[in-house]
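Descriptive analysis of the structure
Read off the chains here:
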There are 2 protein chains.
Amino acid sequence: MKATLSALDTSESPFTPLVVIELAQDVKEETKEWLKARIVGKKRDGGAQLLFRPLLNKYEKETLGNQNLYLVGASNIRLLLGAEALGLVKECNDGTMRAFTYRTRNNFKGFDDNNDTFLTMAECQFIVKHELENLRARDESMIPGYPQAKLYPGKSLLRRLLTSGIVSQVFPLHDNEALKKLEDSWYSRFPLKYQPIDHIRGYFGETIALYFGFLEYFTFALIPMAVIGLPYHLFVWEDYDRYVLLASFNLLWSTVILEVWKRGCASMTYRWGTLVMKRQFEEPRPGYHGVLGVNAVTGREEPLYPSYKRQLRVYLVSLPFVCLCLYLSLYVMMIYFRLEAWALGLHESSGSEWTGVLLYVPGILYAVVIEVMNRLYRCAAEFLTSWENHRLESAYQNHLILKVLVFNFLNCFASLFYIAFVLGDMKLLRQSLATLLITSQILNQVVESLLPYWLQRKYHVRMKRKMQALKADIDATLYEQVVLEKEMGTYLGTFDDYLELFLQFGYVSLFSCVYPLAAAFAVLNNFTEVNSDALKMCRVFKRPFSEPSSNIGVWQVAFETMSVISVVTNCALIGMSPQVSALFPESKTDLILTVVAVEHALLALKFILAFAIPDRPRHIQVKLARLEFESLEALKQQQMKLVAENLRDDSGEKGS
Amino acid sequence: MKATLSALDTSESPFTPLVVIELAQDVKEETKEWLKARIVGKKRDGGAQLLFRPLLNKYEKETLGNQNLYLVGASNIRLLLGAEALGLVKECNDGTMRAFTYRTRNNFKGFDDNNDTFLTMAECQFIVKHELENLRARDESMIPGYPQAKLYPGKSLLRRLLTSGIVSQVFPLHDNEALKKLEDSWYSRFPLKYQPIDHIRGYFGETIALYFGFLEYFTFALIPMAVIGLPYHLFVWEDYDRYVLLASFNLLWSTVILEVWKRGCASMTYRWGTLVMKRQFEEPRPGYHGVLGVNAVTGREEPLYPSYKRQLRVYLVSLPFVCLCLYLSLYVMMIYFRLEAWALGLHESSGSEWTGVLLYVPGILYAVVIEVMNRLYRCAAEFLTSWENHRLESAYQNHLILKVLVFNFLNCFASLFYIAFVLGDMKLLRQSLATLLITSQILNQVVESLLPYWLQRKYHVRMKRKMQALKADIDATLYEQVVLEKEMGTYLGTFDDYLELFLQFGYVSLFSCVYPLAAAFAVLNNFTEVNSDALKMCRVFKRPFSEPSSNIGVWQVAFETMSVISVVTNCALIGMSPQVSALFPESKTDLILTVVAVEHALLALKFILAFAIPDRPRHIQVKLARLEFESLEALKQQQMKLVAENLRDDSGEKGS
């Protein structure tokens with residue numbers, strides 16, 4: 001009746017390849033043997049108890065050129081036990097969401113011992129990845145054959161193998177059949193329909209599904225802003241009242257949509273089980289290091305790192321560094337504006353063609369410097385965040401995103417702020433805004449998906465030709481697939497996609513009363529963005545590992561902060577407009593005081609609104625409370641049983 | 001081994017009176033019998049299974065004049081089972097905090113079957129009160145003997161008895177010995193020492209202990225502000241930089257102290273068990289009504305009331321009503337200012353003595369009107385909040401407090417705001433502020449404690465004389481105690497005490513740069529306030545029922561909001577000062593813009609600070625996470641057991 005990991009090795013199940021491990025070309029035989037032993041080894045011996053096989057071409061026993069490719073799979077029961085260890089949450093037959101356990105498997109909706117569709121392939125790959133990442137060093141002091149690759153007890157083996165270059169990559173395989181089905185319902189048809197979010201989640205996991213859900217929600221939420229903004233542009237409405245109306249609507253609307261998203265997101269992730277899944281009780285992320293000890297919460301042995309040390313690193317190193325970089329970036333911007341003014345002066349005084357060309361130099365220089373700074377900063381941010389040593393992947397991501405976000409925000413908007421509030425040139429502002437918004441959208445669409453897609457296509461055709469030269473037959477499709485996919489680009493996470501949306505939200509909301517058309521452009525862009533992002537996910541990049549998540553994390557805070565900042569900027573812009581100034585002809589002081597009063601009232605309204613709208617729909621609140629209640633009751637029951645057993649033992653001893 | 005409520009009636013334990021019920025003078029015999037039957041009746045018959053006895057004078061079997069006084073007690077085991085039903089949380093022998101259950105009683109620290117000091121007397125009285133309040137009507141359609149007192153299934157009997165005047169009051173008895181001990185360590189000695197918060201909690205319960213904890217914390221936290229403010233007053237420092245320094249310090253300091261209080265409060269309530277106690281899983285408050293149904297979270301039968309109806313009542317009735325009242329209050333204030341200006345004009349033009357008297361009339365009139373409005377509004381607020389039909393006592397309290405708070409805030413500070421920002425008269429502001437602060441403090445000290453204490457003393461002496469006339473001997477002390485205590489005033493909850501602190505915080509922080517001495521006065525006042533409040537609790541009022549609570553509720557929000565508002569007012573005041581105006585001689589616009597920029601920066605800093613300081617200390621976070629982890633694990637275990645039992649049953653059936 002009882003299925004434990006030790007019982008597993010006796011049952012041999014058919015091998016479904018889930019994850020590919022590519023080793024470096026010159027890896028020693030000794031290392032390969034050791035790695036294989038650890039991956040297939042039993043759990044109690046510190047192994048992962050997975051299935052591990054080299055990639056074979058059916059006819060030639062082993063293809064020499066590709067002997068460094070290995071496939072990892074797992075038996076069905078191993079995957080189910082892995083799901084239990086990870087705390088995956090599934091729907092029960094009675095409609096509640098509960099953490100899956102192997103022993104109670106028949107309570108869960110859609111479970112069948114003879115059928116392995118209970119776990120989605122994305123979940124299976126996540127389980128395998130988690131098991132591989134949590135293979136940790138025991139008494140090894142180095143990786144066999146590589147004395148320079150040091151190990152210490154508790155160090156993640158896979159991470160050391162990757163950092164020392166022995167393993168060059170680990171990636172999950174696509175499922176061509178499922179992918180075709182997903183594509184059909186997703187983006188190959190009429191663009192104006194809802195995305196199959198649940199299917200996306202099944203194939204790519206929650207993090208990516210949440211991004212697409214947010215993209216879709218955000219696009220629909222922008223439509224009212226676009227519709228209301230259009231007549232302002234078409235009829236060149238520039239009355240005071242109408243601008244105030246537009247700005248107020250935008251501000252309150254942006255608060256409402258962000259609050260409503262939280263509710264929608266909670267409903268969605270409750271259905272997926274990730275809202276209930278407690279990821280803080282998981283094992284630490286592979287990059288986490290510290291002295292081996294016992295976790296005070298879960299009681300498991302794992303590396304421990306005192307949180308005050310992390311705080312010191314965050315506040316005494318990372319924070320000053322970020323501030324310094326922000327200052328540097330502002331400084332560079334000021335140099336750019338001065339250079340431009342100097343070039344303009346030179347051109348006006350001489351008027352030759354040579355100086356006409358010179359006019360473009362500061363802009364180009366600035367763009368190049370910004371790009372270089374961005375890349376350097378990103379590396380530094382990744383290093384620092386990794387050095388901060390966060391226990392949870394989500395904490396790591398949030399800290400990294402926050403660092404990069406602030407820098408990008410400044411680079412994107414500082415020049416616009418300068419134009420708006422220092423130069424006070426509304427015409428130039430509108431023009432820069434339109435240029436930035438439209439060029440960034442076009443560039444993104446091209447760079448993000450069309451270009452890689454085209455490259456991929458070219459490579460694909462070349463590979464096909466090479467395959468045919470190898471005379472591979474139908475049975476070689478797996479081989480072909482692996483070789484093809486290993487050359488695809490790696491999807492680096494949703495960061496850049498969210499960042500694009502975030503900056504777009506900035507263009508739309510920060511200066512909405514100067515350029516009301518921005519929302520319409522954003523809506524148009526996002527409708528095509530859905531398709532190009534979908535294409536990118538399905539065809540351009542390697543399949544990414546799925547990652548369970550219950551919300552969009554620090555992006556929620558970022559969007560909310562943006563909407564607070566936009567209250568300030570919009571009020572200031574309205575106050576600066578000549579129409580409004582004309583209303584207070586005798587005193588500029590009255591004008592400013594009125595604007596400040598309105599701004600404070602709007603901010604107060606925003607906070608009250610955000611406070612009054614509950615973050616979770618009522619029915620989710622009830623379900624979560626029910627789960628908490630049941631858990632606490634179960635804990636009570638458990639303790640009562642323990643007491644009863646102790647008493648029985650006592651009386652038994654007396655009796656004997 | 002198993003102790004259930006049905007086993008209780010066989011064990012007769014000594015009767016300790018805990019709670020007194022006073023019936024009206026003319027209550028029918030039939031009603032008394034019915035009430036007694038319900039109170040002593042078994043739980044399964046809808047009774048409370050408590051002990052119930054009339055108050056007797058030992059020699060004369062029953063004192064005729066006091067036959068309407070009844071004592072309620074409970075056996076030890078009944079109290080322990082009541083503690084389990086309420087979900088009281090206690091410390092275990094292994095240092096963790098767990099919900100008490102009778103079966104696991106020996107796991108808890110300080111538990112001894114032969115000793116009944118495990119539950120504090122305050123807890124016992126809370127349990128008895130809870131049981132009495134949750135005596136609910138079954139098939140009765142009215143209270144026997146009173147056809148006009150209608151009942152319906154699920155209606156709280158005690159509440160109906162109180163509203164129809166059959167029961168005139170229910171109050172817990174003092175424990176004179178413990179009270180004496182508490183007083184000795186609390187306020188009879190040197191005032192400048194820490195209060196015995198844990199003892200206060202043991203005697204009066206968590207809500208009152210938290211108030212005293214907050215009062216003490218707040219007083220100590222004000223000391224730095226008082227110390228820094230003193231030289232400003234003594235040396236008449238009026239430089240710009242120094243005022244900005246003072247204001248900035250005050251603003252950041254007030255944010256920090258409020259955040260740190262949350263942490264301290266969490267540590268305290270964790271130790272007391274109320275942080276872990278889940279009061280939302282309790283039975284609803286007695287005033288809650290609705291159709292009998294099954295609670296979706298706890299699965300218990302209780303009245304249900306849809307939350308959208310409550311929301312409609314809150315947003316469509318209560319909110320407009322509160323806004324209307326605030327408008328009315330502002331309107332009355334404007335009339336007062338006009339009347340005063342008119343009286344001043346009249347006095348100046350005529351200069352007679354008659355008109356000199358007339359100068360005081362508007363102020364007195366205004367004070368009377370405000371007092372009347374305050375009382376009327378409070379009744380209306382209580383009615384409305386009760387009508388909103390909140391399920392939890394805490395929700396009811398929070399909604400009531402919020403309503404009353406906003407109105408009081410406006411009444412107290414609107415005139416100061418008017419003087420500061422409309423009249424712009426800083427001298428008058430400082431003078432009004434000083435007058436308001438000092439008179440309110442003196443008045444409060446007198447009205448709140450000295451006056452009732454004096455009345456109490458007088459009554460006490462009169463009663464003693466009466467007692468001696470009755471020739472009661474030593475054994476009559478209980479009788480004497482009950483008769484004395486029933487005449488004492490009723491403590492109406494911590495609302496007025498917190499309100500006093502809240503308004504004081506307003507005086508200190510809203511205009512701190514105009515009147516830096518306010519903090520010093522507040523500190524002085526609070527040191528004596530501790531003593532007078534303690535005296536009030538111990539000697540002036542009836543003992544209040546204890547009420548478990550895990551934080552100071554909506555007051556935390558109120559204090560935080562006040563500190564946000566004070567950023568705005570202080571920046572405005574500094575901007576209006578002539579010293580600062582002199583810094584921007586040529587342009588008032590620059591001045592205002594600078595002030596607004598500084599204000600926004602301070603507000604941003606405040607929010608970041610509040611966000612960066614965790615609400616709970618690390619060790620409490622870990623302990624709470626551990627509890628959650630264990631609960632979820634226990635739930636898993638429970639389900640596994642269920643499955644195992646089902647399987648055993650299945651195989652058992654097959655076998656037979």
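Predicted model, so just to flag it, every value in this text is computed and none were measured.

A few words now on the packing of helix H7 (residues 206–234) of chain A against helix H15 (residues 495–510) of chain A. Residue and element names in this part refer to chain A. Put simply, H7 and H15 touch, their axes get as near as 11 Å, and they point 15° apart. The orientation of H7 with respect to H15, classified from their angle, is roughly parallel. As for the relative orientation of H7 and H15, their crossing is left-handed in sense. Together, Leu210, Tyr211, Phe214, Leu215, Phe218, Leu222 and Met225 of H7 and Asp497, Tyr498, Leu501, Gln504, Phe505 and Val508 of H15 make up the contact between the two elements. Here the contact of H7 with H15 is composed, by residue class, of eleven nonpolar, one polar and one charged.

Residues and elements named next belong to chain B. Here we have four strands laid out as an open sheet, ordered E2-E3-E1-E8, and antiparallel in their pairing. A single partner strand is all that each edge strand has here, and the edge strands are strand E2 (51–54) and strand E8 (167–172). Strand after strand, the sheet turns through a mean of 20° between neighbouring axes, direction not considered. With five bridges joining them, strand E1 (residues 19–23) and E8 adopt antiparallel strand pairing. Among the inter-strand pairings, Val19 is bridged to a residue of E8, identified as Pro172.

With that settled, the discussion passes to the interface of chain B and chain A. With 47 residues of chain B at the interface, the matching set in chain A holds 47 residues. Summed over both partners, the interface of chain B with chain A buries about 4,400 Å², with 68% contributed by carbon and sulfur atoms. Of all residues in chain B, the largest losses of buried area upon contact with chain A belong to B:Val297, B:Phe629 and B:Met640, amounting jointly to 13% of the total for that side. Between chain B and chain A we count zero salt bridges in total. On inspection of chain B and its partner chain A, the count reaches eight residue pairs in polar contact (both at pLDDT 80 or more).

The next thing to look at is the sheet that holds strand E1 (residues 19–23) of chain A. Residues and elements named next belong to chain A. On the basis of which strands lie adjacent, the open sheet formed by four strands has the order E2-E3-E1-E8 and antiparallel pairing. Since the sheet does not close on itself, it has two edges, and those belong to strand E2 (51–54) and strand E8 (167–172), each with one partner. For this sheet, the mean angle separating the axes of adjacent strands, direction not counted, is 20°.

Here we take up the UniProt feature "transmembrane region" (unreviewed entry) in chain A. All names here are of chain A. Residues annotated by UniProt as "transmembrane region" (unreviewed entry) correspond here to residues 208–231, 243–261, 314–337, 357–377, 400–421, 433–455, 501–524 and 591–613. Its end C-alpha atoms 33 Å apart, residues 314–337 is made of 100% helix and 0% strand. Between the first and last C-alpha atoms of residues 591–613 the distance is 33 Å; the span itself is 96% helix and 0% strand.

Here we come to helix H2 (residues 76–86) of chain B. Buried residues of H2(B): B:Arg78, B:Leu79, B:Leu80, B:Leu81, B:Gly82, B:Ala83 and B:Leu86, and no others. Each element contacted by the buried residues of H2(B) is listed here: helix H3 (121–133) of chain B.

This next bit is on the environment of A:Asp26. Residues and elements named next belong to chain A. Relative to the elements of secondary structure, Asp26 occurs in the loop between E1 and helix H1 (29–40). The exposure class of Asp26 is exposed, given its relative accessible area of 60%. Asp26 sits 500 residues away from Asn526 along the chain, and the two C-alpha atoms are 46 Å apart.

Once that is clear, we can look at helix H19 (residues 588–612) of chain A. Compared with the 36 Å implied by 1.5 Å per residue over 25 residues, the 36 Å span of H19(A) between its first and last C-alpha is a close match. Those residues of H19(A) that fall on the buried side of the exposure criterion are A:Thr589, A:Leu591, A:Ile592, A:Val595, A:Val596, A:Glu599, A:Leu602, A:Leu603 and A:Lys606.

Now for the environment of B:Leu252. Residues and elements named next belong to chain B. Take Leu252: it is sitting in helix H8 (residues 240–272). Assessed through its relative accessible area of 25%, Leu252 is described here as partly exposed. Residues Leu252 and Ala625, spaced 373 residues apart in sequence, show a C-alpha to C-alpha distance of 31 Å. In contact with Leu252, not counting residues within four places along its chain, are Leu605 and Leu609.

Okay, a nonpolar patch on the surface next. Residues and elements named next belong to chain A. Judged by side-chain polarity, Tyr327, Tyr331, Ile335, Leu339, Trp342, Leu346, Val361, Leu365 and Val369 come together as a nonpolar surface patch covering roughly 830 Å² of accessible area. If you list the elements that add at least two residues to the nonpolar patch, you get helix H9 (307–350) and helix H11 (361–388). With six residues, the single largest contributor to the nonpolar patch is H9. Within the secondary structure, Tyr331 sits in helix H9. Using a relative accessible area of 48% as the deciding quantity, one classes Tyr331 as partly exposed.

What counts, and at which threshold
Residues numbered from 1 in each chain as written. Chains lettered and ligands numbered in written order. Predicted model: local features only at pLDDT ≥ 70, side-chain atom pairs only at ≥ 80, totals over all residues. Heavy atoms only, no water. Axes fitted to C-alpha atoms, helices over the stretch in contact; angles between N-to-C directions. Helix = DSSP H or I, 4+ residues; strand = E, 2+ residues; numbered from the N terminus. Parallel < 35°, antiparallel > 145°, perpendicular 65-115°, else oblique. Left-handed = near helix turned anticlockwise from the far one by under 90°. Contact = heavy atoms within 4.5 Å. Nonpolar A, V, L, I, M, F, W, Y, C, P; charged D, E, K, R; others polar. Pairing = 2+ DSSP bridges. Buried area = accessible area lost by both parts, 1.4 Å probe. Salt bridge = Lys/Arg side-chain N within 4 Å of Asp/Glu carboxyl O. Polar contact = N/O pair within 3.5 Å; in protein donor to acceptor, adjacent residues only side chain to side chain. UniProt positions renumbered as here; feature names shortened; annotations may be inferred. Buried < 20%, exposed > 50% of the residue type's maximum accessible area, 1.4 Å probe, protein only. Expected span 1.5 Å × (residues − 1). Patch = residues over 30% accessible without salt bridge, like charges linked within 9 Å, V, L, I, M, F, W, Y side chains within 5 Å. Areas by Shrake-Rupley, 256 points an atom, 1.4 Å probe, with all protein chains shown as cover.

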